[in-house]
Amino acid sequence: MMGTGIEDAAFHIELADWSNAKDLARLRAVRDEVFIGEQRVPAELEWDELDAGSQHVLALDGGGRPVGCGRLTVIRTIGRMAVVAGWRGRGVGAAILRTLMEQARVRGMLSVTLHAQTHALAFYRGFGFVAEGAEYLEAGIPHQDMRASIATPDAPDRTPTPAERSVLQTIDEAAAFLERLAAQARHHLAIFSFDGDPALLDRPTLLSEVRRVAMSGRGATVRILLRDTTRMARDGHRLLELARRLPSFVEIRRVDVDESGLDDDAFALDDVGGVYWQPRADGAHSEVSLHDPQRSAALATRFEHHWQRAQPDPGLRRLAL
């Protein structure tokens, strides 16, 4: 474990390692006391599969005793923010949040989300978080989804204008753009592909972003339409593996190739107006924009038309058993 330089006379902040027994015991002590003890969160909901891969943070008092904690997950969420009762109102939570946001910045994340308990909305707004969607119950406690942009020197946070539509010339350019498109998506992605072209869609960075979107919160969906599923099933495509692990959030269907009105193109859409449009199977000369709401809406209408008529492929279902 290592210090972050955020300290005062009463407490200091350290990065924590989930695999380190001492750190793990300290993290559990805070979360057991605050979430399970005070807030009556069931233990089976408190500990999840994201803990092992997350960057954890501990607040320690002058004697090294844990007084607060938080985590930044691989799916770009901040959570498990907790401060023990005797230390609230002393800046511990703010120091933890600043550290987690700095960890997001050094990892090149453009934004982070969190599930805020509604009584803490004003606190998070003070750090640039903006509420999204409707209030809901999580473990019996009212929550609100929130998002904040993370400014980085190499990737300034801004919203492109529709005039920034570009034409990409190579498959590598197309793949890089699809990764950017997925990175800015909030809770929904739609992909209409010829056959799941692995040069575009079976790439680690894109798959990581797809997984993030799929696990981003209530109602999140990743929908993939294919004209031909043979290649995906034959080659062990990692999108198929992801759909197998997260069937409630990632769904693959095969479109009826004989259906009237089916154009010979492919495209991908996020839920903030980003568009990738590919007129040919080789991926060259694709038209793209990170913010083109009018075109996005038109393609989304086409996608919904074909999605409602498409069916899960029996071969893919058998593979998933």
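Just so it is clear, the model here is predicted, and its values are computed rather than measured.

A. View of the pairing of strand S14 (residues 275-278). Of the two faces of S14, the one holding Val275 and Trp277 and the one holding Tyr276 and Gln278 are both buried throughout. Pairing of strand S13 (residues 266-270) with S14 involves four bridges; the strand directions are antiparallel. Looking across to S14, one finds that phenylalanine 267 is bridged to tryptophan 277. The turn linking S13 back onto S14 is made up of four residues, and glycine 273 within it adopts a positive phi angle of 95 degrees. Here three bridges tie S14 to strand S15 (residues 286-289), and the two strands are oriented antiparallel to one another. Paired with tryptophan 277 across the bridge in S15 is glutamate 287.

B. Layout of empty space enclosed by the protein. For the coordinates displayed, the defined rule picks out one cavity of 30 Å³ or more. Counted as a void, the largest cavity has a volume near 40 Å³. Residue lining of the largest cavity: Leu178, Leu181, Ala182, Leu189, Ile191, Leu201, Leu206 and Ala268, and that is the complete set. Of all the elements in the fold, those that place two or more residues in the lining of the largest cavity are helix H5 (171-184) and strand S10 (188-193). Ranked by residue count, the leading element in the lining of the largest cavity is H5, at three residues.

C. The environment of histidine 237, seen in detail. Structurally, histidine 237 is set in the loop between helix H8 (230-235) and helix H9 (238-245). When the C-alpha atoms of histidine 237 and leucine 201 are compared, they prove to be 8.7 Å apart, with 36 residues separating the residues in sequence. Beyond its immediate sequence surroundings of up to four residues, histidine 237 is in contact with Gly196, Asp197, Pro198, Leu201, Asp202 and Met232.

D. Highlighting the packing of H5 against helix H7 (residues 204-214). Put simply, H5 and H7 touch, their axes get as near as 9 Å, and they point 20 degrees apart. Here H5 lies roughly parallel to H7, going by the angle between them. Considering only the axes of H5 and H7, their crossing is left-handed. In contact with Leu178, Glu179, Ala182, Ala183 and Gln184 of H5, H7 contributes Thr205, Leu206, Glu209, Arg212 and Val213. Among the residues making up the contact of H5 with H7, the classes are represented as five nonpolar, two polar and three charged.

E. View of the sheet that holds S14. One open sheet holds the seven strands; their spatial order is S9-S15-S14-S13-S10-S11-S12, and the pairing between them is mixed. The open sheet has two free edges, formed respectively by strand S9 (166-168) and strand S12 (250-254), since each of these has just one partner strand. Neighbouring strand axes in the sheet, compared pairwise and without regard to direction, differ in orientation by 15 degrees on average. The sheet contacts of H9 involve strand S11 (221-226) and S12, and relative to S12 the element is tilted by about 120 degrees.

F. Spotlight on the packing of aromatic side chains. Scanning the entire structure with this criterion turns up ten aromatic pairs. Ring geometry for phenylalanine 11 and tryptophan 87: centres 6.3 Å apart, planes at 85 degrees, overall edge-to-face. With phenylalanine 11 in strand S2 (residues 11-16) and tryptophan 87 in the loop between strand S5 (78-83) and helix H3 (92-106), this pair connects stretches of sequence that are 76 residues apart. Take phenylalanine 11 and tryptophan 87: they sit in the same class, and that class is buried.

G. Looking closely at the sheet that holds strand S7 (residues 130-138). In spatial order, the strands read S6-S8-S7; together these three strands make up an open sheet with antiparallel pairing. Of all the strands in the sheet, the pair left with one neighbour each is strand S6 (111-117) and S7. Neighbour-to-neighbour, the strand axes of this sheet turn through a mean angle of 20 degrees, independent of strand direction. Pairing of S7 with strand S8 (residues 141-149) involves six bridges; the strand directions are antiparallel. Counted as the bridge partner of leucine 137 is proline 142 from S8.

H. Seen up close, the confidence of the model for the protein. On average, the protein scores 84 in pLDDT, and the residues at 70 or more come to 87%. When pLDDT is averaged over each element of the protein, strand S4 (residues 66-72) comes out on top at 96 and strand S1 (residues 2-7) at the bottom at 43. Across residues 1-8, confidence stays below pLDDT 50; counting only partners more than four residues off in sequence or on other chains, it has 16 contacts.

Calculation notes
Residues numbered from 1 in each chain as written. Predicted model: local features only at pLDDT ≥ 70, side-chain atom pairs only at ≥ 80, totals over all residues. Heavy atoms only, no water. Buried < 20%, exposed > 50% of the residue type's maximum accessible area, 1.4 Å probe, protein only. Helix = DSSP H or I, 4+ residues; strand = E, 2+ residues; numbered from the N terminus. Pairing = 2+ DSSP bridges. 1 Å grid on protein atoms, 1.4 Å probe; cavity = no way out; pocket = protein on both sides within 12 Å on 5 of 7 lines; lining within 4 Å. Points joined across faces, edges and corners; volume = space filled by probe spheres on them. Contact = heavy atoms within 4.5 Å. Axes fitted to C-alpha atoms, helices over the stretch in contact; angles between N-to-C directions. Parallel < 35°, antiparallel > 145°, perpendicular 65-115°, else oblique. Left-handed = near helix turned anticlockwise from the far one by under 90°. Nonpolar A, V, L, I, M, F, W, Y, C, P; charged D, E, K, R; others polar. Phe/Tyr/Trp six-rings, centres within 6.5 Å; stacked < 30°, edge-to-face > 60°. pLDDT = per-residue confidence, 0-100.

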